Amino acid sequence: MEKVILLGGEAGKGSSKTSAVLGKTLTRMGYYVFNYRDYPSLIRGGHNFNVLKISDKPVYSHDNSFDIIVAFDQITIDLHEKNLKGDGFIIADSRLKGKNVVAVDIESIIKNLNAPEVFGNNILLGALFKSLGLPMSSLAKTLQEEFPKKAGMVESAAKAGYDSVEKKTEMPEVKGNGKYFISGNEAVGSGAVAAGLDIYFAYPMTPATPVLHFLASKQKEYDIIVVQPENEIAVVNASLGANYAGATTMVGTSGGGFALMVEALSLQGMSEVPLVVYLASRPAPSTGVPTYSEQGDLKFAVNAGHGEFPRVVVAPGDAKEAFYRTMEAIYLANKYRSLSIVLADKHLGESNYSFDDFSAPSVKPGRFLMDFKGDYKSYKITKAGVTSRAVPGQGAFVRATSYEHDEYGYTREDAEWRIRMTDKRLAKIGQLENEIKNLDPVSVYGRGDNLIIGWGSTKGAIIDALGGLDGYRFMQVSYIVPFPASEVKREIEKSRNVVLVENSATGMLGDIIAEQTGKMIEKKVLKYDARPFTAQDVINGVEKVK
Amino acid sequence: MDAEKLVTGEKTGRGDKTGTGEKITWCPGCANNAILAAVKEALANLEKKGVVELKDVVAVTGIGCHAKIYDYLNANGFYGLHGRVLPTAMGIKLGNPKLTVIGFGGDGDTYAEGIEHFIHACRYNTDFTMLVHNNQTFALTTGQATPTSEQGFKGASTPTGAVEQPLNPIALALVSGATFVARAFALDVPHLTSMIEQAVQHRGFAVIDILEPCLIWHNNNTTQFFRQHTYKLEESDHNVFDINEALRKAREWDYSSNEDAKIPIGVFYKEIRPTYEEQWQAKTWHAIDRKPDWKRILAGFK
């Protein structure tokens, strides 16, 4: 049993925060919640909304037909009323007009409490809770935590709303077993800290900015620093500098900022100083649709940077994976002195997910520094291609260079060194290929002769769609570079119908699969309206192309 | 350490303090050799004084003739990207504040490609030194105008003479908040050495604009021109703690090669201000043997 609730209102009036409080409360009570956030690029006014799907079974995506609409303004009703289910209802201020409205007299409650008008959100939240037949005490606990400074007033407002309406619907019984409620961006930040982050460098850019804010708020707690230099070029070069000095750092950005970092990605390739980039993509080209979602940067992440050098591109499919994949990205960068890109998008980054539990990470964080003894060669040629890192200050002279070089890092332009060092760098590809075999580069869900292929944030909608499709299983490709070609090829070869699902206009993973496996995927379900897939979108799309 | 040996850079192998043994590929007679000698001597002197340990020194370079110094200095080195010396150096300092970081850039590198970093580095006041090899031309790309080329500079890309007004990096550094601003002449090695020693010892961002002739691509600002037109600030009654006086001195010369040019060299300005890295709330981020507890990190989301 599931309920889909839309909460909407003007930007800056708290609909996003209200949704997060609701999601957190319900998750704690034992429900599974997926919280989708939709907002235009403006600060005050406009129309923001969240869609929460709530269930007693795991849910990973949102939906476009609603059981309940909680309207903070008339526009919310006017825009979304048409998608209200037959037995659905709207919870709104008694001054707003719509069908099946449970009217709440916000004006007089505010007057009685002598509260500021923004507390209307909490009044409606209380009314929603009552209409769902849920206990006020559970909501009160989250409110106390989320609004420590004005807990009393917030709680009174919610309670007044709660008392002003009747129970309207039934929620399934669940056990309160303390689930996790976490967004993709929070998981990326947390994964970085769990992997030993010292410094996060970033310049603000939606939709990566929440990582900057999240880590900035945790600086004291984790003894890290969060630095916002003058632009993305400074960000990435400072990150390389700090990593050279022995720190573990990460940078975060979106497409335009990533474009500015590209020259330094290539510097990473030559200098072999570890570098970790979180790329949260948004609909492009150029400024595109800044606060919405698309998977259009896949090939950019795979190919960015001049010259030939190894890299890792890993694409988590939900917030839980974002935690582990970020840890892996940092681990691989430090261990192999390589470039790691964690590729996600707005939908994954800014949506909240519920999880029962997290298991122990499969990689152990580390700086992979060597104790310097004797004559240190920064680029010593070894069979594996990886030279252990020393850092300046230990006694060894440590060199990092953008120029072709010998084993010490002195500049060389002759053919012999060029070949030896190119071979040394590229030898890391084989090492990375071996290492990611143990990191579940590919996951297959469900059973069936037919196959849906996808990557990244479409995972939730595709998994939620499998029940509505006949004989389809889902292959999620998580490591894009190095590409797990043999696993992908095997799955394709044993399938009847093969359909690629991608939040883009061209289906770039299909091109990568063709390049890596020789397999052409003809059937594609593509969505490029800057909005993420719902399960229904996947079902409709697959039915159409199959 | 023997300063003489440092200066000559004799070939004695790797890991030895006397030089790297790399073949110097600057043009014969290039003033960059003098800058290299001054840097080596300054470091040797500072090591003798116990101010600096050579194992902690990191030389960061951009791209251009100046950057070859990476191969000739027997120290830690980061041969970075054109224009990006300053953020790279800041990152190194934040990654390990115990290191002594010295950035090397050209005038094209620092004042064209990387000018935005220059302004912000002055503002941030991270504790490192920036030495700008300013020969008023792009030399390694065969002689184009840079932001400090004089008006009328003739190069392959400006055959009829550059029309742009030169940038005054000293004035820019001063208004951008740099806490140690100096100018030197490359071929006055003892004076340059002293400037470098002061800059490295300064707590905060220290910049020295080092004027040097380019024997190949710049016909106007020659060794003789600089010898005739420079004078030392410390030999005047200049007050290095007065920002307005420093600005007035900075504006005495507009990077032209005019007959009546008066070019002050020496320290224009000094100020004590908290450094970037000492103002963070986190205090030991760079020295931690971290043992992150993934369970505790995730507990906040329950």
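### Things to note about the overall build of chain A
Link 1 in the chain: Looking only at helices and strands, one finds 19 helices and 21 strands in chain A.
Link 2 in the chain: A globule of 546 residues ought to have a C-alpha radius of gyration of about 24 Å, and chain A, at 25 Å, matches this closely.
Link 3 in the chain: Looking at chain A as a whole, 57% of its 546 residues are labelled buried.
Link 4 in the chain: For chain A, the share of sequence-separated contacts (at least 6 apart) that also reach a separation of at least 24 residues comes to 72%.

### Comments concerning the overall build of chain B
Link 1 in the chain: Of regular secondary structure, chain B possesses 11 helices and 8 strands.
Link 2 in the chain: Summarising its shape, the C-alpha atoms of chain B cover approximately 70 × 45 × 40 Å along the three principal directions.
Link 3 in the chain: Sorting the 302 residues of chain B into buried and exposed places 54% on the buried side.
Link 4 in the chain: In chain B, of all internal contacts separated by at least 6 residues, the share reaching a separation of at least 24 is 68%.

### Structural notes on the sheet that holds strand S15 (residues 399-401) of chain A
To summarise the sheet geometry, strands pair through backbone hydrogen bonds and adopt either a parallel or an antiparallel arrangement.
Link 1 in the chain: Spatially, S15(A)-S2(B)-S1(B)-S3(B)-S4(B)-S6(B)-S5(B)-S8(B)-S7(B) is the arrangement adopted by the 9 strands of the open sheet, whose pairing is mixed. Two strands bound the open sheet, and with one partner strand each, they are S15 of chain A together with strand S7 (230-232) of chain B. Pairs of neighbouring strands in the sheet enclose a mean axial angle of 20°, with direction left out of account.
Link 2 in the chain: Here strand S4 (residues 129-134) of chain B pairs with strand S6 (residues 206-211) of chain B via 6 bridges, running parallel. Residue pairing across strands places Met-130 of chain B opposite Val-207 of chain B, the latter belonging to S6 of chain B.
Link 3 in the chain: Lying on the sheet, helix H4 (residues 85-95) of chain B is in contact with strand S1 (57-61), strand S2 (76-79), strand S3 (100-106) and S4 of chain B; it crosses S3 of chain B at an angle near 175°.

### A look at helix H7 (residues 169-176) of chain B
Residue and element names in this part refer to chain B.
Link 1 in the chain: Taken as a whole, H7 has its buried residues at Pro-169, Ile-170, Ala-173 and Leu-174. Down the axis of H7, the buried side of the element spans an arc of 140°, and every buried residue falls inside it.
Link 2 in the chain: If you follow the buried residues of H7, they end up packed against helix H5 (107-113), helix H6 (115-124), strand S5 (180-185), S6, helix H10 (243-250) and strand S8 (263-270).
Link 3 in the chain: Looking one or two residues past H7, Gly-177 carries a phi angle of roughly 100°, positive in sign.

### What about the interface of chain B and chain A?
Link 1 in the chain: Taken together, the contact pairs 45 residues of chain B with 53 residues of chain A.
Link 2 in the chain: Taken together, the elements giving at least two residues each to the side of chain B that touches chain A come down to S2, H4, H6 and helix H11 (294-299) of chain B.
Link 3 in the chain: When residues in the side of chain B that touches chain A are grouped by element, the largest group, 8 residues, is from H4 of chain B.
Link 4 in the chain: Relative to S2 of chain B, S15 of chain A is paired through 3 bridges, and the arrangement is parallel. Bridging from a neighbouring strand, Arg-399 of chain A pairs with Gly-77 of chain B of S2 of chain B.

### So, the domain arrangement of chain A
The extent of an interface is frequently quoted as the accessible surface area lost upon association of the parts.
All names here are of chain A.
Link 1 in the chain: Taken domain by domain, chain A consists of domain 1 (2-164), domain 2 (181-355) and domain 3 (442-545).
Link 2 in the chain: With centres defined by C-alpha atoms, the gap from domain 1 to domain 2 works out at 33 Å.
Link 3 in the chain: Taken together, the contact pairs 14 residues of domain 1 with 9 residues of domain 2.
Link 4 in the chain: Put simply, the parts of the chain that give the side of domain 1 that touches domain 2 at least two residues each are helix H1 (15-29) and strand S2 (32-38).

### A few points about the confidence of the model for chain B
Link 1 in the chain: Per-chain confidence: chain B averages 92 in pLDDT, with 94% of residues scoring 70 or above.
Link 2 in the chain: ipTM for the predicted complex: 0.96, alongside a pTM of 0.96.

### Overview of the pairing of strand S8 (residues 199-202) of chain A
Residues and elements named next belong to chain A.
Link 1 in the chain: Because side chains alternate across S8, one face comprises the buried residues Ile-199 and Phe-201, and the other comprises Tyr-200 and Ala-202, equally buried.
Link 2 in the chain: Pairing between S8 and strand S9 (residues 225-227): 3 bridges, direction parallel. Directly across from Phe-201, in S9, lies its bridge partner Val-227.
Link 3 in the chain: Here 4 bridges tie S8 to strand S10 (residues 249-253), and the two strands are oriented parallel to one another. Each residue of the ladder has a partner; that of Phe-201, found in S10, is Val-251.

### Observations regarding the environment of Val-386 of chain A
Link 1 in the chain: Considering the arrangement of structural elements, one finds Val-386 of chain A in the loop between strand S14 (352-355) and S15.
Link 2 in the chain: Aside from chain neighbours lying at most four places away, what touches Val-386 of chain A is Tyr-336, Arg-337, Lys-428 and Gln-431 of chain A.

### Overview of the sheet that holds strand S6 (residues 101-104) of chain A
Residue and element names in this part refer to chain A.
Link 1 in the chain: Overall, mixed pairing links the 8 strands, which are arranged S6-S5-S4-S1-S3-S2-S14-S7 in an open sheet. Since the sheet does not close on itself, it has two edges, and those belong to S6 and strand S7 (180-183), each with one partner. Taken pair by pair, the neighbouring strands of this sheet meet at an average axis angle of 15°, ignoring direction.

### Comments concerning the packing of H1 of chain A against helix H5 (residues 136-146) of chain A
Residues and elements named next belong to chain A.
Link 1 in the chain: Relative to each other, H1 and H5 sit at 125°, their axes nearing to 9 Å. Classified by the angle between their axes, H1 and H5 sit oblique to one another. Here H1 runs over H5; the crossing is right-handed. Counted together, Val-21, Lys-24, Thr-25 and Met-29 of H1 and Ser-138, Leu-139, Thr-142, Leu-143 and Glu-146 of H5 form the full contact between these two elements.
Link 2 in the chain: Classifying every residue of the contact of H1 with H5 by side-chain character gives 4 nonpolar, 3 polar and 2 charged.

### Let's talk about the environment of Asp-73 of chain A
Residues and elements named next belong to chain A.
Link 1 in the chain: Along the chain, Asp-73 turns up in the loop between strand S4 (66-71) and helix H2 (74-80).
Link 2 in the chain: Note: C-alpha distance between Asp-73 and Val-314 (241 residues apart in sequence) is 41 Å.
Link 3 in the chain: Once you skip the residues sitting within four places of it in the chain, Asp-73 turns out to touch Gly-9 and Glu-10.

### As for the pairing of S6 of chain A
Residue and element names in this part refer to chain A.
Link 1 in the chain: Here S6 shows a clear split, with Val-102 and Val-104 buried on one side and none of Val-101 and Ala-103 buried on the other.
Link 2 in the chain: The sheet contact formed by strand S5 (residues 84-93) and S6 spans 4 bridges and is parallel. Across the sheet, the residue bridging to Asp-93 is Val-104, located in S6.

### Quick look at helix H6 (residues 151-164) of chain A
Link 1 in the chain: Here H6 of chain A contains 14 residues, and its C-alpha end-to-end distance of 20 Å stays within 8% of the 20 Å for a straight helix at 1.5 Å per residue.
Link 2 in the chain: Residues Val-154, Glu-155, Ala-157, Ala-158, Lys-159, Ala-160, Gly-161 and Tyr-162 of chain A constitute the buried set of H6 of chain A.

### A short note on the packing of H5 of chain A against H6 of chain A
Residues and elements named next belong to chain A.
Link 1 in the chain: The N-to-C vectors of H5 and H6 enclose an angle of 155°; their axes lie 9 Å apart at closest approach. Classed by the angle they form, the pair H5 and H6 counts as roughly antiparallel. Crossing geometry of H5 relative to H6 is assigned as right-handed. On the side of H5, the interface is formed by Met-136, Leu-139, Ala-140, Leu-143 and Gln-144, while H6 contributes Ala-151, Val-154, Glu-155, Ala-158, Lys-159 and Tyr-162.
Link 2 in the chain: Looking at the contact of H5 with H6 residue by residue, the classes come out as 8 nonpolar, 1 polar and 2 charged.

Conventions and cut-offs
Residues numbered from 1 in each chain as written. Chains lettered and ligands numbered in written order. Predicted model: local features only at pLDDT ≥ 70, side-chain atom pairs only at ≥ 80, totals over all residues. Helix = DSSP H or I, 4+ residues; strand = E, 2+ residues; numbered from the N terminus. Rg over C-alpha atoms; globule rule 2.2 N^0.38 Å. Buried ≥ 20, exposed ≤ 12 C-beta atoms within 10 Å, placed from the backbone. Contact = placed C-beta atoms within 7 Å. Pairing = 2+ DSSP bridges. Axes fitted to C-alpha atoms, helices over the stretch in contact; angles between N-to-C directions. Arc of directions from axis to C-beta. Domains from an automatic or database assignment. pLDDT = per-residue confidence, 0-100. Parallel < 35°, antiparallel > 145°, perpendicular 65-115°, else oblique. Left-handed = near helix turned anticlockwise from the far one by under 90°. Nonpolar A, V, L, I, M, F, W, Y, C, P; charged D, E, K, R; others polar. Expected span 1.5 Å × (residues − 1).

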